[in-house]
Amino acid sequence: TQLLEQSPQFLSIQEGENLTVYCNSSSVFSSLQWYRQEPGEGPVLLVTVVTGGEVKKLKRLTFQFGDARKDSSLHITAAQPGDTGLYLCAGDNTDKLIFGTGTRLQVFP
Amino acid sequence: NAGVTQTPKFRILKIGQSMTLQCAQDMNHNYMYWYRQDPGMGLKLIYYSVGAGITDKGEVPNGYNVSRSTTEDFPLRLELAAPSQTSVYFCASSYRGPGNTIYFGEGSWLTVV
């Protein structure tokens, strides 16, 4: 049973387009993190959200934590080829960090 | 700048063999984790530890064992390797709980044939 489901699983878009990735669960998390992973490397932390309803921005990336702390979204504005990678959400579940199923993003020039 | 160090980086095992993946961190972190990642998928937690002498099962512990005799080291042992254990294994650590920044090792690629 996967605690964290991400959608879509795959996303191929043109440079300049906007996109949103969703991370959903039936469980409540103390905090939620978003990571980006490139081939052959470990995940790299992008952001941590802690408060229900919290919104954080990182340049063209906007992260939101759901009011009930069960879900989150990542919105990318004007995607660039450098945004290509595997995006992972991860929830803090009582001393354990549980990862989502992943969204593979490909941005074409 | 060592951070989290995993060895070996690549390994091929025959079915039924055993091996230990080593993980060491030099940041004095209390929490350490082992994950596996199958191609194109997210990471699944195998085991974790909140401090020396304490270990707990994660989502997929079957076929693995861990120990945490020191703060620095968290080895993962595979007993009787099976093809289903072919995966990339990541070790990670954090100072306190998962809400803090987690640092990952570079990964260990394991193939069981």
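What you are looking at is a predicted structure, and each value in this text was computed from that prediction instead of being measured.

### Section: the pairing of strand β2 (residues 10-14) of chain A
All names here are of chain A.
- Residues L11 and I13 point to one face of β2 and are all buried, whereas F10, S12 and Q14, pointing to the other face, are not buried.
- The pairing of β2 with strand β11 (residues 103-108) spans five bridges and is parallel. Paired with I13 across the strands is V107, a residue of β11.

### Describing the state of the cysteines
Residue and element names in this part refer to chain B.
- This structure, assessed with the given rule, holds two disulfides over all chains.
- Paired through a disulfide, C23 and C91 show a sulfur-sulfur distance of 1.8 Å. Note on the C23 and C91 pair: the S-S dihedral is about -75 degrees, so by sign convention the disulfide is left-handed. With C23 in strand β3 (residues 19-25) and C91 in strand β9 (residues 87-94), the pair connects residues that are 68 residues apart, well separated along the chain. For the residue pair C23 and C91, the accessibility class agrees, reading buried in each case.

### Overview of the interface of chain B and chain A
- In this assembly, 24 residues from chain B lie in contact with 24 residues from chain A.
- Summed over both sides, the interface of chain B with chain A buries roughly 1700 Å², with 57% coming from carbon and sulfur.
- For the pair chain B and chain A, the number of links is zero salt bridges.
- Mapped onto the side of chain B that touches chain A, the elements with two or more residues apiece are β4 (31-37) and β5 (43-51) of chain B.
- Across the side of chain B that touches chain A, the residue classes tally to 13 nonpolar, seven polar and four charged.

### Description of the sheet that holds strand β8 (residues 71-76) of chain A
All names here are of chain A.
- Read across the open sheet, the five strands follow the order β1-β3-β8-β7-β6; overall the sheet is antiparallel. Looking at strand neighbours, the two that pair on one side only are β1 (5-7) and β6 (55-58), the edges of this open sheet. For this sheet the average axis-to-axis angle between neighbouring strands, irrespective of direction, equals 15 degrees.
- By the bridge criterion, three bridges tie β1 to strand β3 (residues 19-24) in an arrangement that is antiparallel. Considered in β3, the bridge of S7 is made with Y22.

### Remarks on the side chain of S87 of chain B
All names here are of chain B.
- Tracing the sequence through the fold places S87 in strand β9.
- Of the polar contacts made by the side chain of S87, one reaches the side chain of D38; its length is 2.9 Å.
- Setting aside its immediate chain neighbours within four residues, S87 contacts R36, Q37, D38, S108, W109 and L110.

### Quick look at the nonpolar core
- I13, L19, L32, W34, L74, I76 and L105 of chain A are the most contacted members of the largest nonpolar core, which totals 21 residues.
- Elements represented by at least two residues in this core include exactly β2, β3, β4 (32-37), β5 (44-49), β7 (61-65), β8, β9 (85-93) and β11 of chain A.
- Once you skip the residues sitting within four places of it in the chain, I76 of chain A turns out to touch E17, N18, L19, R60, L61, D83, Y87 and L105 of chain A.
- Within the second largest apolar cluster, 19 residues are counted, among which are Y47, L76, A81 and V112 of chain B.

Rules and cut-offs
Residues numbered from 1 in each chain as written. Chains lettered and ligands numbered in written order. Predicted model: local features only at pLDDT ≥ 70, side-chain atom pairs only at ≥ 80, totals over all residues. Heavy atoms only, no water. Buried < 20%, exposed > 50% of the residue type's maximum accessible area, 1.4 Å probe, protein only. Helix = DSSP H or I, 4+ residues; strand = E, 2+ residues; numbered from the N terminus. Pairing = 2+ DSSP bridges. Disulfide = S-S within 2.5 Å. Contact = heavy atoms within 4.5 Å. Buried area = accessible area lost by both parts, 1.4 Å probe. Salt bridge = Lys/Arg side-chain N within 4 Å of Asp/Glu carboxyl O. Nonpolar A, V, L, I, M, F, W, Y, C, P; charged D, E, K, R; others polar. Axes fitted to C-alpha atoms, helices over the stretch in contact; angles between N-to-C directions. Polar contact = N/O pair within 3.5 Å; in protein donor to acceptor, adjacent residues only side chain to side chain. Core = buried A, V, L, I, M, F, W, Y, C linked by side-chain atoms within 4.5 Å.

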